[in-house]
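Here's the letter readout for the chains.
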Amino acid sequence: MTANTATARPSRISTTIDFTKDGKQTGFLRLPHSVHRSAYGWLPIPVVCIRNGDGPRVLLLSGNHGDEYEGQVTLCDLARTLQPEDITGRIIILPMANYPAAHAGLRTSPIDEGNLNRSFPGNADGTPTPIIAHYIESVLLADCDYMVDLHSGGSSLHYLPTVVGRQGRTPEESHKVYDLMKVFGAPIGFMFPPGTEDRTSTAAAARQGVISILTEMGGSGTVTPDILKIAKRGVRRVLAHIGSLKNPARELSEELPVRLTRAPSQAWFVYATEDGLWEPLVDLGDEVVKGQPAALIHFPETPWREPAEVCFEESGVVVCKRIPGRTERGDCLFHLGSDFSID
């Protein structure tokens, strides 16, 4: 694949990890960061590389958004327990992809306010977030076959356990993605149409010819045992399915149902129309219909004022819900999934 101008420049990130070497290596990606307190410093982005000969080349990400913890816990567990003799090929684990954001527990970087999942293909000469995006796309993804990027709703949203795919440019590409979604085994599958948002990790993967999926595992700025179980099980099932894990029968012994949904347009997203205190009228997993009231927005500063009613513009299942009670015009309150098939 011909590199575009954004990714053609060499990365400023270095590492002591040799991604071609067999065995298990742990260390850091070193992002040069010269500031008042540390003139010749670098940001330590933790990385684990496990390799055992030839085979599938996989990138596992979490901490793309720093306040999404389920994936970070899942990959920390995998980084500790997975050994070279357990696998075929290579697995690179990047549990705090946007290290400044993950270290601070924030969605975006406290250094440059960068949202890593809106920064691809990145910029080798930019601030830390686009430099990280550039390294992931031009160095890591350029040498991988598969990617799993583990997200959740973070501090402001909560999702039903959902595995997300990006619909391919051809039916064959879509089926490869959907196969990984089915294997992952979250209760909800959500497919974005092709051409959706070209600044994300899945868009970066598509540009590099990498088959990828993403997850939305809960959220609310916390971790729950039931959702963590789905995340840990799902990653291992994907690794088994693509041939990374030896003895895959144990991981794939159970077929798990996945309800495939999509949001054909912004009409499947519900946004606050006013600043105020919002009252949800439905909950996660509810089936709703077009025109049904979704929420009321109250005005405590003028409590005698009638609340504003917000309605659903389409029908579907509620897969995502806002968490904070205070809201501003333009905040996403809910989004829906509409059933569909890629056939």
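For the structure, check the block above.
Notes on the structure follow. (Residues numbered from 1 in each chain as written. Predicted model: local features only at pLDDT ≥ 70, side-chain atom pairs only at ≥ 80, totals over all residues. Heavy atoms only, no water.)

1. Here's the deal with the environment of K24
Checked against the element boundaries, K24 lands in strand 2 (residues 23-32). A distance of 2.6 Å separates a polar side-chain atom of K24 from the backbone oxygen of A79. (Helix = DSSP H or I, 4+ residues; strand = E, 2+ residues; numbered from the N terminus. Polar contact = N/O pair within 3.5 Å; in protein donor to acceptor, adjacent residues only side chain to side chain.)

2. Structural notes on the packing of helix 1 (residues 70-81) against helix 6 (residues 225-241)
At a minimum axis separation of 9 Å, helix 1 and helix 6 run at an interaxial angle of 55 degrees. The orientation of helix 1 relative to helix 6 falls into the category oblique. The handedness of the crossing between helix 1 and helix 6 is right-handed. Every residue of helix 6 that contacts helix 1 at E70, V73, T74, D77 and L78 is listed here: I227, L228, A231, K232, V235, R236 and L239. In terms of residue class, the contact of helix 1 with helix 6 is made up of seven nonpolar, one polar and four charged. (Axes fitted to C-alpha atoms, helices over the stretch in contact; angles between N-to-C directions. Parallel < 35°, antiparallel > 145°, perpendicular 65-115°, else oblique. Left-handed = near helix turned anticlockwise from the far one by under 90°. Contact = heavy atoms within 4.5 Å. Nonpolar A, V, L, I, M, F, W, Y, C, P; charged D, E, K, R; others polar.)

3. Observations concerning the environment of L60
With respect to the helices, strands and loops of the structure, L60 is situated in strand 4 (residues 57-61). Look at L60 and you get buried, because its relative accessible area is 1%. With sequence-adjacent residues up to four places away left out, L60 is seen in contact with L75, L78, I91, I92, I93, L94, V148, V235 and L239. (Buried < 20%, exposed > 50% of the residue type's maximum accessible area, 1.4 Å probe, protein only.)

4. With respect to the pairing of strand 3 (residues 42-52)
With respect to burial, strand 3 is a largely interior element, eight of its eleven residues being buried. Bridging between strand 2 and strand 3 involves ten bridges; their strand directions are antiparallel. Directly across from K24, in strand 3, lies its bridge partner I50. As defined by bridge partners, strand 3 adjoins strand 5 (residues 89-94) across five bridges and the pair is classed as antiparallel. Its bridge partner lying in strand 5, N52 is registered against G89. (Pairing = 2+ DSSP bridges.)

5. Observations concerning the pattern of salt bridges
Under the criterion given, the structure shown has 21 salt bridges. Between E274 and R305 there is a salt bridge, with its nearest N and O atoms 3.9 Å apart. Of this pair, E274 sits in the loop between strand 12 (269-271) and strand 13 (276-280) while R305 sits in the loop between strand 15 (293-298) and strand 16 (308-311), placing them 31 residues apart in sequence. Here R305 falls in the partly exposed class, since its relative accessible area comes to 41%. Its salt-bridge partner being E274, residue R329 comes within 3.2 Å of it at the nearest N-O pair. Here R329, found in the loop between strand 18 (326-327) and strand 19 (332-339), pairs with E274, found in the loop between strand 12 and strand 13; they are 55 residues apart in sequence, far enough to count as distant. Accessibility expressed as a relative area gives 22% for E274, which makes it partly exposed. Several salt bridges share partner residues, and in doing so they unite R57, R90, D143 and D145 into one network. (Salt bridge = Lys/Arg side-chain N within 4 Å of Asp/Glu carboxyl O.)

6. Considerations on the packing of helix 4 (residues 171-184) against helix 6
Following both chains from N to C, one finds helix 4 and helix 6 inclined at 130 degrees, their axes separated by 8 Å at the closest point. Between helix 4 and helix 6, the crossing angle belongs to the class labelled oblique. When you trace helix 4 past helix 6, the crossing you get is right-handed. Judged by residue contacts, D179, L180, K182, V183 and F184 of helix 4 engage I230, A231, G234, V235, R237, V238 and H241 from helix 6.

7. Description of the pairing of strand 10 (residues 211-216)
Burial of strand 10 is extensive: six of the six residues sit out of reach of the surface. Pairing analysis gives six bridges linking strand 6 (residues 146-151) to strand 10, with the strands arranged parallel. Of the residues in strand 10, the one forming a bridge with M147 is S212. Here strand 8 (residues 162-166) runs beside strand 10; their pairing, made up of three bridges, is antiparallel. In the strand pairing of strand 10, V163 is matched with T215.

These figures come from the coordinates and say nothing about function on their own.
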